[in-house]
Amino acid sequence: MSTAARVLGRAVPEAFAAQLAAAFPRRDGLSWLMARWEPGEDWAPVERWVIWEITPWHALPTADAAYLRMTLEGPNPRDTGHYCGAGRCACALKRNRWTGGRSEAVDYFRQWQVAQEMRTAGTPGFPRVIWIVQGDTGGHPPVMDPISKQLAQAAGLPHEFPSPGDGPYADLDQRVIEGLLHKDRLRDAEGRLRDVSSAELAAEDRDRAQHAADRVLDFILERMSGSVDEAAWLIRKHDSAFIAAPHGTPLEWTDPDTFRQSFRDDCALIAS
Ligand SMILES: [Zn+2]
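What you see is a predicted model; the values in this text were computed from it and never measured.

A. Geometry of the pairing of strand E5 (residues 125-133). Of all the nine residues making up E5, seven are buried; the element is thus mostly covered by neighbouring parts of the structure. In the sheet, strand E2 (residues 44-56) pairs with E5 via eight bridges, with the strands oriented antiparallel. The residue bridging Trp52 from the neighbouring strand is Val129, located in E5.

B. The pattern of salt bridges, seen in detail. According to the stated counting rule, one finds 12 salt bridges in the structure shown. We note a salt bridge from Arg78 to Glu41, for which the minimum N-O separation is 3.1 Å. Highlighted residues: Arg78 in the loop between helix H2 (65-72) and strand E3 (82-84) and Glu41 in strand E1 (residues 32-41), separated in sequence by 37 residues. Comparing Arg78 with Glu41 shows no difference in burial state: the two are buried. Across the salt bridge formed by Lys149 and Glu160, the nearest N and O atoms sit 3.0 Å from each other.

C. Inspection of the packing of aromatic side chains at higher detail. By the definition in use, this model includes seven aromatic pairs. Residues Trp37 and Tyr169 carry aromatic rings whose centres are separated by 6.4 Å and whose planes lie at 55 degrees to one another, so their mutual orientation is tilted. Here the residue Trp37 occupies a position in strand E1, and Tyr169 occupies one in the loop between helix H4 (146-154) and helix H5 (174-185), the gap between them amounting to 132 residues. On the accessibility criterion, Trp37 (6% relative accessible area) is buried. Where Phe109 meets Trp112, the ring centres are 6.0 Å apart and the plane angle is 20 degrees; that geometry is what we call stacked. With a gap of three residues between them, Phe109 and Trp112 both fall in helix H3 (residues 106-120), about one helical turn apart.

D. Local environment of the coordination of the zinc ion. Coordination of the zinc ion by the protein involves His82 (NE2), Cys84 (SG), Cys89 (SG) and Cys91 (SG), with metal-donor separations of 2.1 to 2.5 Å. For the zinc ion, the four donor atoms in the first shell make angles of 105 to 115 degrees at the metal, a pattern classed as tetrahedral. Site description for the zinc ion: donor spacing in sequence, H-x1-C-x4-C-x1-C. Assessed through its relative accessible area of 27%, His82 is described here as partly exposed.

E. Structural context of the nonpolar core. Ranked by internal contacts, the top residues of the largest apolar core, which has 34 residues, are Phe16, Ile51, Trp131, Val133, Leu180, Leu193 and Ile220. Residue assignment for this core shows that the elements contributing at least two residues are helix H1 (14-23), E1, E2, E5, H4, H5, helix H6 (187-195) and helix H7 (203-224). Here this core takes eight residues from H7, the largest share from any one element. Residue contributions to this core reach at least three from each of two domains, namely domain 1 (14-132) and domain 2 (144-267). Setting aside its immediate chain neighbours within four residues, Ile51 contacts Phe16, Leu33, Met34, Ala35, Arg128, Val129, Ile130, Trp131, Val133, Leu172, Val176 and Leu180. Ranked by size, the runner-up nonpolar core spans nine residues in total, among them Trp57, Ala65, Tyr108 and Trp112.

F. Local environment of unusual backbone geometry. Unlike most non-glycine residues, Glu47 shows phi in positive territory, near 50 degrees. Tracing the backbone shows Glu47 in strand E2. Glu47 gets classed as partly exposed once you look at its relative accessible area, which sits at 22%. In this structure, Asn96 takes a positive phi of about 55 degrees despite not being glycine. Tracing the backbone through its elements, the reader meets Asn96 in the loop between E3 and strand E4 (97-99).

About the criteria used
Residues numbered from 1 in each chain as written. Predicted model: local features only at pLDDT ≥ 70, side-chain atom pairs only at ≥ 80, totals over all residues. Heavy atoms only, no water. Buried < 20%, exposed > 50% of the residue type's maximum accessible area, 1.4 Å probe, protein only. Helix = DSSP H or I, 4+ residues; strand = E, 2+ residues; numbered from the N terminus. Pairing = 2+ DSSP bridges. Salt bridge = Lys/Arg side-chain N within 4 Å of Asp/Glu carboxyl O. Phe/Tyr/Trp six-rings, centres within 6.5 Å; stacked < 30°, edge-to-face > 60°. Donors = N, O, S within 2.8 Å, 3.2 Å for Na, K, Ca; no water. Tetrahedral: all angles 85-135°; square planar, octahedral: opposite > 155°, others 65-115°. Core = buried A, V, L, I, M, F, W, Y, C linked by side-chain atoms within 4.5 Å. Domains from an automatic or database assignment. Contact = heavy atoms within 4.5 Å.

Below, the structure is given as structure tokens:
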């Protein structure tokens, strides 16, 4: 356990809140974004800024919206249970996580807390983290969606974003806004890749899918910058004889151009 005192809360700089609101104007009844300090837990410190998306309950496009609301606006999930870890309890087998509560998921507790804050503030809604601010390009989404994961894997890139707290600390600034806008602009590309099926693709659709895949990969590379050793990655990429293709069969690595072409061919095979 870290001995340094964890920074539990920090106020969002007003200038950043204004920048964020200007880039993503808040519209009645629709999702909106807010920055919030994430301290993590004393057994798992994070101490990074994160961006939350709040979706008004009535606008939540899921069948279980009512259940989610009941849960997230209900009793504290940590009213019961304990953090099961060394020095914390008498359990013989340490689980290294919250256990015995209504929910055992650590992240869920913060989601519950933010849902409570939103209700108190008169802006009730479903909260979820959409961005972790760390690294030198303003941050990245918390997780890679399955398609991005496949593409990253095929390209020999890391196929997980760093966990919150694992990338270098970064302030809230314009780079965060630019990263969020970049992600926003990818929506078409991601949608296109989701629609791609392995079944006969017209040449035109193939080109579009390839272009979309390139855009998603560019985003991942840029987001990873500063969080991964890019030079080491490039060396590894050029050294590796085989890399996994999106559909799971090894793809022979020869030179970047050949790779790129094979990779593009494979992109057309990615099923949703
Ligand atoms: Zn225990």
